[in-house]
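One letter stands for each residue in the lines below.
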Amino acid sequence: MKLYEFQGKEIFKKYGIPVQLGFLVHENDEVKNLTPPLVIKSQVLVGGRGKAGGIKLWEGNTDVSQIIHELFSLNIKGEKVRAILALEKVDILREIYISITFNRGKSTPVLIVGTSGGMDIEKSAQSDKDNIHFIEFDPFLGILEYQIRFIAKKINVENYSEFKKIIKAMYKIFKEYDATLVEINPLAITPHGLVAIDSKINLDDQASFRHQVLFRKLEEEQKLIQNNEDSNISKFKEDTITHVTLSGNIGLISDGAGTGLLTLDLINDFGGKVASFCELGGITNSEVMFKALKIVTSNSSVKSILVVLIGGFNRMDDMAEGIVKFKKEFKKEIPIFIRMCGTKEEVGKQLMENKNIPVYDSLIEAVERAIKEARGN
Ligand code: GDP
Ligand code: MN
């Protein structure tokens, strides 16, 4: 999940990273009694806002509501502006780039620091590699003092203790929120110290179950801003489902292609035949499961359904929820047999048990039951 600047800055503030004072403006909000100079920033999730005209400076000699109106009429790289953050302008002496993310190739977290941050960071990172520094570090030890000292010297930051505090706080956020990216670009050196001018935080959706209250709050805030059609809240398209119609009488749903093909073979070996096969497309959620059940049951040849799930990234409670929802909304008589294991399997199995949907630990047993049911005995 990508966070808006204002959401990221709220987290920054909580962790002691200095940010400007500011407030959020929604469309049709009345704004009055503002004191210039203000930086007025459209809140969108795409990058390159400044370059696209999404940031305006109000120095007091024009009508601020006109500026706000202009920003709300913008469409930045396909994203309509629905919220604006108005911030007190700070004087910037120099802009630095800092981020913490993963180096997936090396399987480590990495601190990235650029001497000259700002809107041209991508270009300057390409053209002047000496100005950008990558420091991989041990996730258990965190970023060590000598590494911060080294980098502060490299990029010539004088306010060392402030700089250290910010980097430590960024890693704390990275770790505690299960983020995949915490970025400040630019971190401004101002006459009054360091200030995070921008924020970019991406959270790992796969870890959302560890932060349910937080995710709910962030999603609620985002829903206020977004229309359904441009919501970035993890939405899985139905086209992640691969659907194959065959000539038998069993519906087969699997969360991965390997599991699906193995089960297809087992069904054949035990004398059954599949009529409709849905593979959910790897990492998936309850909505996709719900949709797959709809697809499979729309085939009138299907007399029993076998669902085989191996929870790695997929959570069995999510999968079970999709099945329960389907049972509730479509009171079809077709019996469903489940084999589920892996992440959150206890919760998933309990949900199934509550609805009297049989779950088998043995794949073979589940296969045999589905075949038997489809035959009508
Ligand atoms: P982005 O384009 O989405 O990355 O938006 P940023 O929030 O990073 O702002 C883009 C640029 O606007 C920054 O690199 C700054 O140069 C400038 N800017 C933003 N806020 C301020 C401010 O308070 N004071 C000054 N002087 N410049 C600002
Ligand atoms: Mn920026």
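Being a predicted model, the structure only gives us computed values, none of them experimental.

> Would you mind going over the site of ligand 1 in detail, with residue names and values included?
Near ligand 1 you find 16 residues, and of these K41, R49, G50, V90 and E95 are the closest. The backbone of G50 places a nitrogen or oxygen atom 2.7 Å from an oxygen atom of ligand 1. Against a free-state accessible area of 560 Å², the protein chains account for coverage of 82% of ligand 1. The set of elements that each furnish at least two residues to the shell around ligand 1 consists of β2 (38–42) and β10 (179–190).

> Go over the coordination of the manganese ion (ligand 2) with me, naming the residues and quoting the values.
For the manganese ion (ligand 2), the full set of protein donor atoms is N185 (O) and D198 (OD), at a range of 2.2 to 2.3 Å. Taken together, the residues N185 in strand β10 and D198 in the loop between β11 (193–196) and β12 (200–203) connect sequence positions 13 residues apart.

> I'd love a proper account of the sheet that holds strand β6 (residues 83–88), names of residues and values included.
Sheet architecture is open: 4 strands sit in the order β1-β6-β2-β3, paired in antiparallel fashion. Edge positions in the sheet fall to β1 (22–26) and β3 (55–58), since each of these pairs with one other strand and no more. Taking the axes of each pair of neighbouring strands and ignoring which way they run, one obtains an average angle of 25° across the sheet. In terms of strand pairing, β1 meets β6 through 5 bridges, oriented antiparallel. When the sheet's bridge partners are listed, V25 is paired in β6 with I84.

Cut-offs and rules
- Residue numbers here run from 1 along each chain, matching the order of that chain's written sequence.
- The naming scheme follows written order: chains are lettered A onward, ligands numbered 1 onward.
- Per-residue local features of the predicted model are confined to residues with pLDDT of at least 70, and side-chain atom pairs are confined, for both listing and counting, to 80 or more; whole-chain, interface and lining totals are unaffected and use all residues.
- The basis for every side-chain value is the complete set of non-hydrogen atoms in the structure, without hydrogens or water.
- Proximity is defined per residue: any heavy atom of the residue falling within 4 Å of a molecule or strand makes that residue near it.
- Any pair of N or O atoms that falls within 3.5 Å is considered a polar contact. Within protein, one atom must be able to donate a hydrogen and the other to accept it, and sequence-neighbouring residues count only if both atoms are side-chain atoms.
- Per-residue accessibility takes into account occlusion by the displayed protein chains alone, with areas from the Shrake-Rupley method and a 1.4 Å probe.
- Runs of H or I in DSSP of at least four residues are treated as helices and runs of E of at least two as strands, each being numbered from the N terminus.
- The donor set comprises N, O and S atoms within 2.8 Å of the metal, extended to 3.2 Å for Na, K and Ca; water molecules are omitted, so apparent gaps in a site may simply reflect that omission.
- Criterion used throughout: strands pair if DSSP finds at least two bridges between them.
- Axis lines are fitted through C-alpha atoms, for helices just across the contact stretch, and the angle between N-to-C directions can take any value from 0 to 180 degrees.

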